[in-house]
Amino acid sequence: MVFMRGANMAENKSDRRISEFSVPKMDCPSEEGMIRMALDGVTGVHGLAFDLGERQVQVLHDQDVDEITPKLESLGLGARLLRTRDADDDDLQALQQGREADARESGTLKILLAINGFMFFAEFTLGWLAQSTGLMADSLDMFADAAVYGVALYAVGRSLQLKTRAAHVAGWLQLLMALGVLFEVGRRFLFGSEPVSLLMITVGSVALAANVTCLFLIYRHRHGGSHMKASWIFSANDVIANVGLILAAVLVAWTGSRYPDLIIGTIIGLVVLDGARRILKLRN
């Protein structure tokens, strides 16, 4: 794993340690961002390395781990300390590689932000016109991705307080829109709707193409920083969600029922709502 730079980058190499944590609920860049922000204000934290496959994070830090453990536990991701050991030269070299990876990845993050931001507006608008709660909810997944990338770029060179404030703004917007979509699901369940399956399939296919493009861009950085590896997994999950949305649209066309659309809209809406809840739990 490559250590990405932290907020406090002292050059003193003595007394550096590696603490390894298991984080069972960490499976996307949103959780990685939460962990970064939670530890950004901790004195003596010099770098983080993430393994999404094993759901583990390693922290390069000075002295003891007493201040780090409560910060991670407070996120509600099930974090627990596995072990602590002395850092060696390979760990410090990995930290330097992480600094260099940050610069290479910033351009890709901007492109990902643009793609997800555009698709959020397009998919939400067309989802409303198609009377599809599935499309509207899926657009919020695009918004969640864009918020993660946007906050990460905004935070560069800024204070922890501004970083947390930006994350909270994104979290509140995400929360309000998720509640709005769930309300719309209930309204259309009670009063009826006629989702346009052809438009759902068309827009869902465009969203699928956008997420596949994101996968391609992240693939070029697969040997880079751990954040891009996390983004690869997150975007792969988005592709699966898009396929589910298209399948729901096919079922709407085949059965003539609105319920597949309402079900997929509810599922995605609840997932986004839980993501907003986690972001709003972040503190300085």
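What you see is a predicted model, and the numbers here were worked out from it, not measured in a lab.

1. Some remarks on the overall build of the chain
Secondary structure summary: the chain contains 8 helices and 5 strands in total. Looking at the 284 residues of the chain, the share that counts as buried comes to 51%. Restricting to contacts in the chain with at least 6 residues of sequence separation, those with at least 24 account for 82%. A total of about 13,200 Å² of accessible surface is found on the chain, and carbon and sulfur atoms cover 61% of it.

2. Description of the nonpolar core
Within soluble globular proteins, side chains that are nonpolar generally end up buried alongside one another. In this structure, Leu 112, Ile 115, Met 119, Leu 135, Leu 140 and Val 181 are the most contacted members of the largest nonpolar core, which totals 30 residues. Looking at this core, the elements that each hand over two or more residues are helix H3 (89-129), helix H4 (133-154), helix H5 (160-191), helix H6 (197-219), helix H7 (226-255) and helix H8 (259-280). Counting 20 residues, the second-largest nonpolar core is a separate cluster that includes Met 26, Ala 38, Leu 72 and Leu 77.

3. Points about the confidence of the model for the chain
Close inspection of predicted coordinates is inappropriate for parts of the model with low pLDDT. With 74% of its residues at a pLDDT of 70 or more, the chain shows a mean pLDDT of 75. Counting interchain partners and residues more than four positions distant, the pLDDT-below-50 stretch residues 6-12 has 17 contacts.

4. Brief notes about the packing of aromatic side chains
For the structure shown, the criterion picks out 2 aromatic pairs. Ring centres 6.2 Å apart and planes at 45 degrees place the aromatic pair Phe 120 and Phe 124 in the tilted group. Note that Phe 120 and Phe 124 are positioned in helix H3 at a spacing of 4 residues, about one turn of the helix. An aromatic cluster of three or more residues is present, and its members are Phe 120, Phe 121 and Phe 124. If you follow Arg 258 out to its NZ or CZ, it ends over the ring of Tyr 259, 5.0 Å from the centre.

5. Overview of unusual backbone geometry
Non-glycine residue Arg 55 carries a positive phi angle of around 55 degrees. Residue placement: Arg 55 occurs in the loop between strand S3 (45-51) and strand S4 (56-62).

6. Digging into the environment of Ala 137
Mapping Ala 137 onto the fold places it in helix H4. Considered as a pair, Ala 137 and Val 181 are 44 residues apart in the sequence and their alpha carbons are 6.3 Å apart.

7. Thoughts on the pattern of salt bridges
Within this structure, the stated rule accounts for 2 salt bridges. Residues Asp 62 and Arg 16 are paired through a salt bridge, measuring 3.1 Å at the closest nitrogen-oxygen approach. Of this pair, Asp 62 sits in strand S4 while Arg 16 sits in strand S2 (residues 16-22), placing them 46 residues apart in sequence. Taking relative accessible area as the criterion, Arg 16 reaches 6% and is therefore assigned buried. The residue Arg 83 makes a salt bridge to Glu 20 at a minimum N-O spacing of 2.9 Å. Here the residue Arg 83 occupies a position in strand S5 (residues 80-86), and Glu 20 occupies one in strand S2, the gap between them amounting to 63 residues.

8. Side note on the pairing of S3
Burial runs high along S3: 6 of the 7 residues are buried. Here 6 bridges tie S3 to S4, and the two strands are oriented antiparallel to one another. Looking across to S4, one finds that Ala 49 is bridged to Gln 58. Here S3 folds back onto S4, and the loop between the two strands holds 4 residues, one of which, Arg 55, carries a positive phi near 55 degrees.

9. Digging into a nonpolar patch on the surface
A grouping of Phe 189, Leu 190, Phe 191, Tyr 259, Ile 263, Ile 267 and Val 271 is seen on the molecular surface, where their side chains present a nonpolar patch of about 800 Å² in accessible area. Residue assignment for the nonpolar patch shows that the elements contributing at least two residues are H5 and H8. Judged by relative accessible area, Ile 267 falls into the partly exposed class, the value being 47%.

10. Details of the side chain of Asn 242
Structurally, Asn 242 is set in helix H7. Ignoring any residue separated from it by four or fewer positions in sequence, one finds Asn 242 in contact with Asp 138, Gly 204, Ala 207, Leu 208 and Asn 211.

11. What about the environment of Leu 75?
In this structure, Leu 75 sits in the loop between helix H2 (68-73) and S5. By relative accessible area, which is 3% here, Leu 75 ends up buried. C-alpha separation for the pair Leu 75 and Met 34, spaced 41 residues apart in sequence, amounts to 7.6 Å.

12. Describing H6
Every α-helical turn comprises 3.6 residues, leaving residues that sit three or four positions apart pointing alike. Helix length check: H6, at 23 residues, gives a terminal C-alpha distance of 32 Å against a target of 33 Å (1.5 Å per residue), a fit within 8%. Among all positions of H6, only Ser 197, Met 200, Val 203, Gly 204, Ala 207, Ala 210, Asn 211, Cys 214, Leu 215, Leu 217 and Ile 218 are buried.

Reading the values: the criteria
- Residues numbered from 1 in each chain as written.
- Predicted model: local features only at pLDDT ≥ 70, side-chain atom pairs only at ≥ 80, totals over all residues.
- Heavy atoms only, no water.
- Helix = DSSP H or I, 4+ residues; strand = E, 2+ residues; numbered from the N terminus.
- Buried < 20%, exposed > 50% of the residue type's maximum accessible area, 1.4 Å probe, protein only.
- Contact = heavy atoms within 4.5 Å.
- Areas by Shrake-Rupley, 256 points an atom, 1.4 Å probe, with all protein chains shown as cover.
- Core = buried A, V, L, I, M, F, W, Y, C linked by side-chain atoms within 4.5 Å.
- pLDDT = per-residue confidence, 0-100.
- Phe/Tyr/Trp six-rings, centres within 6.5 Å; stacked < 30°, edge-to-face > 60°.
- Lys NZ or Arg CZ within 6 Å of the ring centre and 35° of its normal.
- Salt bridge = Lys/Arg side-chain N within 4 Å of Asp/Glu carboxyl O.
- Pairing = 2+ DSSP bridges.
- Patch = residues over 30% accessible without salt bridge, like charges linked within 9 Å, V, L, I, M, F, W, Y side chains within 5 Å.
- Expected span 1.5 Å × (residues − 1).

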